[in-house]
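Per-entry structural report
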Amino acid sequence: FSKDSVSLSDIMLVNRLSVSGENKTIVPNITGSINPHSEGFFVFFELYCVPRLDSVDLLYKIYDSKKNEAFRSSQREAITGPKTQVFMKVDSARVPIGTYFLSVDAVAQDGISGRSYRASTSRTLTVRSPDLPAAVVEIDKAIDQLIYIARDAELQYIRDGATQEEKHKRFMEFWAKRDPDPSTNRNELMEEYYGRVQYANQHFGHYMEGWRTDMGMVFIRFGAPENIE
């Protein structure tokens, strides 16, 4: 790396940050999946820059799969040396379940030479509710995928939820009525259904997603064949 530049490391997601004096202990998030009902999560990365800079302005943005901005924050970070460790907390409740793109942009101004420095880094992350199967990553898409078993009125009722949280609640109510064993925390039928959706996407997709194809529809409704000729 050039000694006369500003650059950022890759981003690490952190489940928990503990501070004792000047020492920080982190518990990294290896999976990249965030629980929306948690107290939030931390973004961690390292900032490398020229010694004469005293601070850098950082801008954080989180976009959903449709490129809609779900979160934005900014902060001025004091430079502590050639390498500065940076932490920023994100409130999980502000980001509904789904797959997101996180970007961090750094801008600095050299007060002596007047030179501007810019750098950026990014990564994807998934906000996933623990009461949903692992195959469900976006609530709107999961609602659309109910088309093979839900009535039109039921689908419209779920889609008409005013917020993502309301849609999630109505979605869970739909499946609660079909839970084969309410005495357990799992909904086996929901897990089976979205497991089939995931299989259809992996094996029957081409110019459209596998669950939308005729083969996907048959597999989702009837499951795996008992025999193949």
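Residues numbered from 1 in each chain as written. Predicted model: local features only at pLDDT ≥ 70, side-chain atom pairs only at ≥ 80, totals over all residues. Heavy atoms only, no water.

1. A short note on the overall build of the protein chain
Secondary structure summary: the protein chain contains five helices and ten strands in total. For 229 residues, the compact-globule estimate of 2.2 N^0.38 gives 17 Å, and the C-alpha radius of gyration of the protein chain, at 23 Å, exceeds that figure by more than 25%. Reported as C-alpha extents along the three principal axes, the dimensions of the protein chain are approximately 70 × 40 × 35 Å. By the burial criterion, 39% of the 229 residues in the protein chain qualify as buried. Considering only contacts within the protein chain whose residues lie at least 6 apart along the sequence, 61% involve residues at least 24 apart. Carbon and sulfur atoms make up 49% of the accessible area of the protein chain, which totals about 13,800 Å². Within the protein chain, one finds 28 positive and 32 negative side-chain charges whose respective centroids are separated by 4 Å. (Helix = DSSP H or I, 4+ residues; strand = E, 2+ residues; numbered from the N terminus. Rg over C-alpha atoms; globule rule 2.2 N^0.38 Å. Buried < 20%, exposed > 50% of the residue type's maximum accessible area, 1.4 Å probe, protein only. Contact = heavy atoms within 4.5 Å. Areas by Shrake-Rupley, 256 points an atom, 1.4 Å probe, with all protein chains shown as cover. Lys, Arg positive; Asp, Glu negative; His and termini not counted. Charge placed at Lys NZ, Arg CZ, Asp CG, Glu CD.)

2. Quick word on unusual backbone geometry
One non-glycine residue, Lys67, adopts positive backbone phi at about 65°. With respect to the element layout, Lys67 can be found in the loop between strand 6 (55–64) and strand 7 (69–78). Here Lys67 falls in the exposed class, since its relative accessible area comes to 71%.

3. Details of the packing of helix 2 (residues 152–159) against helix 3 (residues 164–176)
Two numbers describe how helix 2 lies on helix 3: the axes approach to 8 Å, and their chain directions differ by 150°. Relative to helix 3, the element helix 2 lies roughly antiparallel. For the pair helix 2 and helix 3, the contacting residues are Glu154, Tyr157, Ile158 and Arg159 in the first and Lys167, Arg170, Phe171, Glu173 and Phe174 in the second. Taken together, the residues that form the contact of helix 2 with helix 3 break down as four nonpolar, no polar and five charged. (Axes fitted to C-alpha atoms, helices over the stretch in contact; angles between N-to-C directions. Parallel < 35°, antiparallel > 145°, perpendicular 65-115°, else oblique. Nonpolar A, V, L, I, M, F, W, Y, C, P; charged D, E, K, R; others polar.)

4. Describing the packing of aromatic side chains
Evaluation of the coordinates by the stated rule reveals eleven aromatic pairs. Summarising the aromatic geometry, the rings of Phe45 and Tyr60 are spaced 6.3 Å apart at their centres and angled 55° between planes, so their arrangement reads as tilted. In this pair, Phe45 sits in strand 5 (residues 41–48) while Tyr60 sits in strand 6, placing the two residues 15 residues apart along the sequence. The pair Phe45 / Tyr60 is uniform in exposure class, with both members buried. A centroid spacing of 5.5 Å and a plane angle of 85° characterise the contact between Phe174 and Trp175, whose relative ring orientation is edge-to-face. Look at Phe174 and you get buried, because its relative accessible area is 5%. You can call Trp175 buried: its relative accessible area is 0%. Taken together, the ring pairs in this structure connect Phe171, Phe174, Trp175, Tyr193 and Tyr194 into an aromatic cluster. (Phe/Tyr/Trp six-rings, centres within 6.5 Å; stacked < 30°, edge-to-face > 60°.)

5. Overview of the nonpolar core
Within the largest apolar cluster, 55 residues are counted, with the highest numbers of intra-cluster contacts made by Val43, Leu146, Phe171 and Tyr194. Ranked by residue count, the leading element in this core is helix 4 (residues 188–204), at six residues. Contact partners of Tyr194, with chain neighbours within four places excluded, come to Pro133, Ala135, Val136, Ala142, Gln145, Leu146, Phe171 and Trp175. (Core = buried A, V, L, I, M, F, W, Y, C linked by side-chain atoms within 4.5 Å.)

6. What about the environment of Phe44?
Of note, Phe44 is situated in strand 5. Separated by 34 residues in sequence, Phe44 and Asp10 place their C-alpha atoms 8.7 Å apart.

7. Topic: the layout of surface pockets
Here the largest pocket defines a volume of roughly 360 Å³. Listing elements by their share of the lining of the largest pocket, those giving two or more residues are strand 7, strand 9 (98–109) and helix 1 (139–144). Tallied by class, the residues present in the lining of the largest pocket amount to six nonpolar, five polar and eight charged. (1 Å grid on protein atoms, 1.4 Å probe; cavity = no way out; pocket = protein on both sides within 12 Å on 5 of 7 lines; lining within 4 Å. Points joined across faces, edges and corners; volume = space filled by probe spheres on them.)

8. Describing the sheet that holds strand 4 (residues 33–34)
As summarised here, the arrangement of the five strands in space is 4-10-9-6-7, forming an open sheet in which the pairing is mixed. The open sheet has two free edges, formed respectively by strand 4 and strand 7, since each of these has just one partner strand. With two bridges joining them, strand 4 and strand 10 (residues 116–127) adopt parallel strand pairing. Bridge assignment links Ile34 to a residue of strand 10, and that residue is Val127. (Pairing = 2+ DSSP bridges.)

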